[in-house]
Amino acid sequence: MVIRIAAVGDVHLDEDVVGRFRPALDQLPGHADVLLLAGDLTRHGTEAEARCVAREFGGLGVPVVTVLGNHDHQCDQVPEVVGALEEVGITVLEGTGTVLDTPGGRLGIAGAKGFGGGFAGRCASEFGEPEMKAFVRTTSTIADRLGTVLRELDCDTRVALTHYAPVPDTLAGEPLEIYPFLGSYLLGQAIDSADTALAIHGHAHAGSERGTTPGGVRVRNVAHPVIKQAYSLFHLGDHLDAGEVSTAAAGGISQPWS
Ligand SMILES: [Fe+2]
Ligand SMILES: [Fe+2]
């Protein structure tokens, strides 16, 4: 049996953009068991923008599970943003997990926004000024929690959902100088600490789609400017190489905005 996962990130909705995804999303129940949103749902994290997200992704006929991104924190209205999403039944994860019963088995999703710090050999370390220690400690705390939640999920298939990238592979195309602000290898280590089938992230608008953790877990950057369609579709099955599905056939739309 196969579990069908649709995913997109960085939709950055506001009043100007709301409605563009909906025609493709209305087709989802025929193609996917769940929709994962990889953060940066809004432009500036206002409650009004979150209501646009709720209109776009509410009542889809499939469960919707999300993490927030850095943009969703910008106006310091996280409780209001989360409230608007939960009001329409969207599950918001932050250092938490959820398990969904699907025809292909129990799908466990562990989610966290993640944070920066960089990648092995080129990363910030918990040394020196309090501000630098706090920066790195923020990431390590989030990553530790993500690993714990992943390992403790009682499910058949595990998926990790973050906004920040767990590997540098999917940043290819971004300037090297900003890699430390796009993700952290600590997230990758957390993902590798469990039997994770797939890791989904966003945030890297100019990055690339495919990567792999050091432990061999498939990583996919589903930032909308990267995938250029309403969502990507992944089939997870008994064999590891159950793969991506053409989203054109699934009603994916191509939109150039970022
Ligand atoms: Fe973004
Ligand atoms: Fe972002």
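Since we're looking at a predicted model, the values are computed, not measured.

Caption draft 1: Main features of the overall build of the chain. The secondary structure content of the chain amounts to 6 helices and 14 strands. Compactness check: the chain gives a C-alpha radius of gyration of 17 Å against a globular reference of 18 Å for 258 residues, within 12% of the reference. For the chain, the spread of C-alpha atoms along the principal axes amounts to about 50 × 40 × 30 Å. For the chain, buried positions account for 55% of its 258 residues. Looking at the chain alone, contacts between residues at least 24 apart form 72% of all its contacts between residues at least 6 apart.

Caption draft 2: Molecular detail of the confidence of the model for the chain. When pLDDT is averaged along the chain, the result is 93, and 92% of the positions lie at 70 or above. Overall, residues 246-258 carries pLDDT values under 50, and its contacts beyond four positions in sequence, including any with other chains, amount to 36 contacts.

Caption draft 3: Spatial organisation of the packing of aromatic side chains. If you walk through the whole model with that rule in mind, you get 3 aromatic pairs. Ring geometry for Phe115 against Phe135: centres 5.3 Å apart, planes inclined by 65°, an arrangement best described as edge-to-face. Note that Phe115 is positioned in the loop between strand 6 (105-112) and strand 7 (118-119) and Phe135 in helix 4 (residues 130-152), a separation of 20 residues in sequence. Looking at Phe135, the relative accessible area reads 23%, which means it is partly exposed. Connected via pairs of aromatic rings, a cluster forms that spans Phe115, Phe135 and Tyr164.

Caption draft 4: Representation of the pattern of salt bridges in the model. Summed over the entire model, instances satisfying the criterion amount to 9 salt bridges. Here Asp26 and Arg22 are joined by a salt bridge, their closest N and O atoms 3.0 Å apart. Here Asp26 falls in the partly exposed class, since its relative accessible area comes to 45%. Connected through shared salt-bridge partners, Glu47, Arg51 and Glu87 make up one network.

Caption draft 5: Spatial organisation of the coordination of the iron ion (ligand 2). Only Asp40 (OD), Asn70 (OD1), His163 (NE2) and His203 (ND1) from the protein coordinate the iron ion (ligand 2), and they sit 2.1 to 2.3 Å from it. Considering all 4 donor atoms around the iron ion (ligand 2), the spread of angles at the metal, 89 to 157°, places the coordination shape in the irregular class. Between the donor residues of the iron ion (ligand 2), the gaps in sequence give the motif D-x29-N-x92-H-x39-H. The metal-metal distance between the iron ion (ligand 2) and the iron ion (ligand 1) comes to 3.5 Å, with Asp40 coordinating both. With a gap of 40 residues between them, His163 in the loop between strand 9 (157-162) and helix 5 (185-192) and His203 in the loop between strand 10 (196-201) and strand 11 (210-212) connect regions that are remote in the sequence.

Caption draft 6: Focus on the environment of Leu68. Of note, Leu68 is situated in the loop between strand 3 (64-67) and helix 3 (78-87). Residue classification places Leu68 among the buried residues on the basis of a relative accessible area of 5%. Sequence separation between Leu68 and Ala110 is 42 residues; the distance between their C-alpha atoms is 13 Å.

Caption draft 7: Structural detail: the nonpolar core. In terms of nonpolar packing, the biggest core is built from 51 residues, with Leu35, Leu36, Phe57 and Ile200 touching the most fellow members. Listed in part, the 20 residues of the second largest apolar core include Ala112, Ala143, Leu187 and Val217.

Caption draft 8: Representation of the environment of Leu233 within the structure. Within the secondary structure, Leu233 sits in strand 13 (residues 232-236). The exposure class of Leu233 is buried, given its relative accessible area of 3%.

Caption draft 9: Structural context of the coordination of the iron ion (ligand 1). For the iron ion (ligand 1), the protein coordination sphere consists of Asp10 (OD), His12 (NE2), Asp40 (OD) and His205 (NE2), at 2.0 to 2.3 Å. Coordination of the iron ion (ligand 1) draws on donor residues from a single chain, spaced D-x1-H-x27-D-x164-H in sequence.

Caption draft 10: Seen up close, unusual backbone geometry. The backbone phi angle of His203 is positive, close to 80°, even though this residue is not glycine. Looking at His203, the relative accessible area reads 11%, which means it is buried. Backbone geometry at Lys228 places phi at a positive 55°, although glycine is not the residue there. Its location among the elements puts Lys228 in the loop between helix 6 (224-227) and strand 13.

Caption draft 11: Structural context of the packing of helix 4 against helix 5. The N-to-C vectors of helix 4 and helix 5 enclose an angle of 15°; their axes lie 8 Å apart at closest approach. In this view, helix 4 runs roughly parallel relative to helix 5, as classed from their interaxial angle. Of the two possible hands of crossing, helix 4 and helix 5 adopt the one that is right-handed. Contacts from Thr139, Ser140, Ile142, Ala143, Leu146, Gly147 and Leu150 in helix 4 reach Leu186, Leu187, Ala190 and Ile191 in helix 5.

So, how was this worked out
Residues numbered from 1 in each chain as written. Chains lettered and ligands numbered in written order. Predicted model: local features only at pLDDT ≥ 70, side-chain atom pairs only at ≥ 80, totals over all residues. Heavy atoms only, no water. Helix = DSSP H or I, 4+ residues; strand = E, 2+ residues; numbered from the N terminus. Rg over C-alpha atoms; globule rule 2.2 N^0.38 Å. Buried < 20%, exposed > 50% of the residue type's maximum accessible area, 1.4 Å probe, protein only. Contact = heavy atoms within 4.5 Å. pLDDT = per-residue confidence, 0-100. Phe/Tyr/Trp six-rings, centres within 6.5 Å; stacked < 30°, edge-to-face > 60°. Salt bridge = Lys/Arg side-chain N within 4 Å of Asp/Glu carboxyl O. Donors = N, O, S within 2.8 Å, 3.2 Å for Na, K, Ca; no water. Tetrahedral: all angles 85-135°; square planar, octahedral: opposite > 155°, others 65-115°. Core = buried A, V, L, I, M, F, W, Y, C linked by side-chain atoms within 4.5 Å. Axes fitted to C-alpha atoms, helices over the stretch in contact; angles between N-to-C directions. Parallel < 35°, antiparallel > 145°, perpendicular 65-115°, else oblique. Left-handed = near helix turned anticlockwise from the far one by under 90°.

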